[in-house]
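A closer look at the structure
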Amino acid sequence: MVNSARETSSPILRRQVQRSNIRACGVRLLLALLLSNCVGAVAVEFRQPNAIVILTDDQGAADAGCYGAKDLQTPAIDGIATRGVRFTQFYSAAPNCSPSRAGLLTGRYPMRAGLTGNAASQPGGHGLPAEQITMAEMFKAAGYATAHIGKWHLGYTPEEMPNAQGFDHSFGHMGGCIDNFSHFFYWQGPNRHDLYRNGKETHRPGRYFADLMVEEASRFMEENRGRPFFIYFALNMPHYPYQGDEEWLEHYKDLAYPRNLYAAFLSSCDDRIGALLKKVDDLGLRERTIVVFQSDNGHSVEERA
């Protein structure tokens with residue numbers, strides 16, 4: 001999706017021009033998607049397809065069974081590859097978190113999207129400029145219900161948080177990472193709680209964050225199954241802290257450290273992807289739902305990882 005609004009010296013005018021073209025661009029995009037899936041069909045119900053973009057955090061390019069990993073169990077991710085198209089010549093927009101997400105959501109190079117480094121992880125910090133047009137805004141203009149669920153890390157001001165960037169519904173953390181049980185950001189003091197629903201802080205202490213994500217996405221799909229929807233399902237896994245399920249920690253106990261912890265967390269992530277896709281099936285939506293899966297930027301080399 002390429003953002004191609006006319007250039008103008010005024011950010012306000014540029015925003016108006018961009019918005020005036022959103023609906024037309026969104027409709028053309030969706031028609032193209034529909035037609036690409038309908039070639040050769042005799043009779044097709046004209047309904048816009050649902051779209052779910054699943055984004056993992058700091059997952060290595062080869063770290064899934066379908067990409068050759070021999071020491072990892074990733075059946076849900078592998079299933080997406082088996083049923084769809086697996087890309088082998090593909091690059092994310094940037095080698096770090098926020099710019100790659102900005103590229104994904106705007107369809108622009110990070111420099112043109114206005115974000116070349118990581119956004120702030122504390123309230124009041126800036127990220128993706130509000131005048132940028134996001135994928136969510138295009139889907140919303142085309143009549144979709146839109147949801148952000150999971151990690152944001154694209155701005156911690158009201159005008160740059162998800163509800164101001166095209167998302168009808170938002171649930172997740174605004175900063176770069178959280179503890180998966182307390183939902184606190186511990187890595188750049190002072191420590192602070194970071195869990196929000198539609199811009200308002202919410203508390204679910206003790207609940208595993210990925211499970212909360214699946215519950216939130218499931219509820220959103222149930223409530224919007226009668227209309228097309230777009231879900232940006234931005235997992236915080238397998239970004240540190242590595243907090244995998246006990247069964248996976250046991251399964252990978254013989255792997256060398258820290259691969260054992262990473263592997264357990266990644267397989268725990270795969271389980272939640274499987275749960276999300278099962279909900280799509282349970283609602284009878286598989287045949288009219290496009291699922292896109294990718295990692296944000298490849299494996300981390302940070303000392304905490």
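To be clear, the structure that these remarks concern was listed above.
Each chain carries its own residue numbering, running from 1 in the written order of its sequence. Residues qualify for local features only when their pLDDT is at least 70, as the model is predicted, and side-chain atom pairs are given and counted only at 80 or more; totals for whole chains, interfaces and linings, by contrast, use all residues. Each side-chain value is worked out from all heavy atoms of the structure, with water and hydrogens disregarded.

Description of the nonpolar core
With 48 residues, the main nonpolar core has Ile-54, Ile-231, Phe-233 and Ile-273 as its most contacted residues. Every element with two or more residues in this core is listed here: β1 (50–56), α2 (75–83), β2 (145–151), α6 (209–223), β8 (229–234) and α8 (259–282). A total of 10 residues in this core trace back to one element, the largest contributor, which is α8. Look past the residues within four positions of Ile-231 in its chain and what remains in contact with it is Ala-51, Ile-52, Val-53, Ala-147, Ile-149, Ala-217, Phe-220 and Met-221. Take the buried Ala, Val, Leu, Ile, Met, Phe, Trp, Tyr and Cys residues and link them wherever side-chain atoms come within 4.5 Å; each set so joined is a nonpolar core. Any residue under 20% of the maximum accessible area for its type is buried, any over 50% is exposed, and the rest in between are partly exposed; the area is computed with a 1.4 Å probe on protein chains only. A run of H or I in DSSP counts as a helix once it spans at least four residues, and a run of E counts as a strand once it spans at least two, with each numbered from the N terminus. Residue contacts are defined here by distance: any two heavy atoms, one from each residue, within 4.5 Å place the two residues in contact.

Details of the sheet that holds strand β3 (residues 169–173)
In this analysis, strands are considered paired if DSSP registers two or more bridges between them. Spatially, 7 strands are ordered β7-β6-β3-β2-β8-β1-β9 in an open sheet, and the strand pairing comes out mixed. Taken across any chain shown, the strands that pair with only one partner, and hence form the sheet edges, are β7 (200–201) and β9 (289–295). By the bridge criterion, 5 bridges tie β1 to β8 in an arrangement that is parallel. Counterpart to Ile-52 in the pairing with β8 is Ile-231. Helix-sheet contacts for α6 involve β1, β2, β3, β6 (196–197) and β8, and the interaxial angle to β8 is about 180°. The angle between two axes is taken between their N-to-C directions and runs from 0 to 180 degrees, where each axis is a line fitted to C-alpha atoms and a helix contributes only its stretch in contact.

Points about helix α3 (residues 97–106)
Note: α-helices contain 3.6 residues per turn, so residues at a spacing of three or four share the same orientation. The buried count for α3 comes to 10 of 10 residues, which makes it a mostly enclosed element. Taken together, the buried positions of α3 are Cys-97, Ser-98, Pro-99, Ser-100, Arg-101, Ala-102, Gly-103, Leu-104, Leu-105 and Thr-106. Here the buried face of α3 lies against β1, α4 (110–113), α5 (135–141), β2, β8 and β9. One or two positions beyond α3, positive phi appears at Gly-107, with a value near 75°.

Examining the pairing of β2
A large share of β2 lies buried, amounting to 7 of its 7 residues. Inspection of the sheet shows β2 paired to β8 by 6 bridges, in the parallel sense. Residue pairing across strands places Ala-145 opposite Phe-229, the latter belonging to β8. Bridge analysis of β2 against β3 gives 5 bridges, and the strand direction is parallel. Its bridge partner lying in β3, Gly-150 is registered against Gly-172.

Structural notes on the packing of α6 against α8
Remark: α6 packs on α8, axes separated minimally by 10 Å, with the N-to-C direction vectors making an angle of 15°. One element, α6, and the other, α8, form an angle in the roughly parallel class. For α6 against α8, the interelement crossing comes out right-handed. Seen from α6, the contacting residues are Ala-210, Asp-211, Val-214, Ala-217, Ser-218, Met-221 and Glu-222; seen from α8, they are Arg-272, Ala-275, Leu-276, Lys-279 and Val-280. Residue composition of the contact of α6 with α8, grouped by class: 7 nonpolar, 1 polar and 4 charged. Here the word oblique covers every angle except those under 35 degrees (roughly parallel), over 145 (roughly antiparallel) and from 65 to 115 (roughly perpendicular). Helix crossings are classified by the rotation of the near helix relative to the far one: an anticlockwise turn of less than a right angle makes the crossing left-handed, while a clockwise turn makes it right-handed. Note on residue categories: nonpolar means Ala, Val, Leu, Ile, Met, Phe, Trp, Tyr, Cys or Pro, charged means Asp, Glu, Lys or Arg, and polar means any other residue, Gly included.

Looking at the packing of aromatic side chains
The rule is short: rings of Phe, Tyr and Trp, with Trp giving its six-membered ring, pair when the centres are within 6.5 Å, and they are stacked under 30 degrees, edge-to-face over 60, tilted in between. Summed over the entire model, instances satisfying the criterion amount to 17 aromatic pairs. For the pair Phe-139 and Phe-230, a centre-to-centre distance of 4.5 Å together with 15° between the ring planes defines the contact as stacked. A residue pair is termed long-range when its members are at least 10 positions apart, and Phe-139 in helix α5 and Phe-230 in strand β8 qualify at 91 residues. Accessibility expressed as a relative area gives 0% for Phe-230, which makes it buried. Relative to Tyr-186, the ring of Phe-184 lies with its centre 5.9 Å away and its plane at 20°, an arrangement referred to as stacked. On the basis of relative accessibility, which here comes to 27%, the residue Phe-184 falls in the partly exposed class. Here Tyr-186 falls in the partly exposed class, since its relative accessible area comes to 38%. Chaining the aromatic ring pairs together yields one cluster made of Phe-139, Tyr-144, Trp-152, Phe-167, Phe-230 and Tyr-232.

Quick look at the environment of Ala-217
Counting through the fold element by element, Ala-217 comes out in helix α6. Taking the C-alpha atoms as reference points, Ala-217 and Ile-231, 14 residues apart in sequence, are found 7.6 Å from one another. The contacts of Ala-217, once residues within four sequence positions are left out, are Ile-149, Ile-231, Phe-233 and Leu-276.

Focus on the pairing of β1
In terms of burial, β1 is largely enclosed, as 7 of its 7 residues are buried. Across the two faces of β1 the burial is the same, with Asn-50, Ile-52, Ile-54 and Thr-56 and Ala-51, Val-53 and Leu-55 all buried.

Structural notes on the pattern of salt bridges
We define a salt bridge as a contact between a side-chain nitrogen of Lys or Arg and a carboxyl oxygen of Asp or Glu at a distance within 4 Å. Taken as a whole and assessed by the stated rule, the structure comprises 15 salt bridges. The shortest N-O distance in the salt bridge between Asp-63 and Arg-259 comes to 3.2 Å. With a gap of 196 residues between them, Asp-63 in the loop between β1 and α2 and Arg-259 in helix α8 connect regions that are remote in the sequence. The class for Asp-63 is buried, based on a relative accessible area of 10%. Using a relative accessible area of 26% as the deciding quantity, one classes Arg-259 as partly exposed. Taking the shortest distance from any N to any O, the salt bridge between Arg-219 and Glu-216 comes out at 2.9 Å. One end of the pair is Arg-219 and the other is Glu-216, both in helix α6 and 3 residues apart, which spans about a single turn. One connected set of salt bridges, linked through shared partners, spans Asp-57, Arg-101, Lys-151 and Asp-296.

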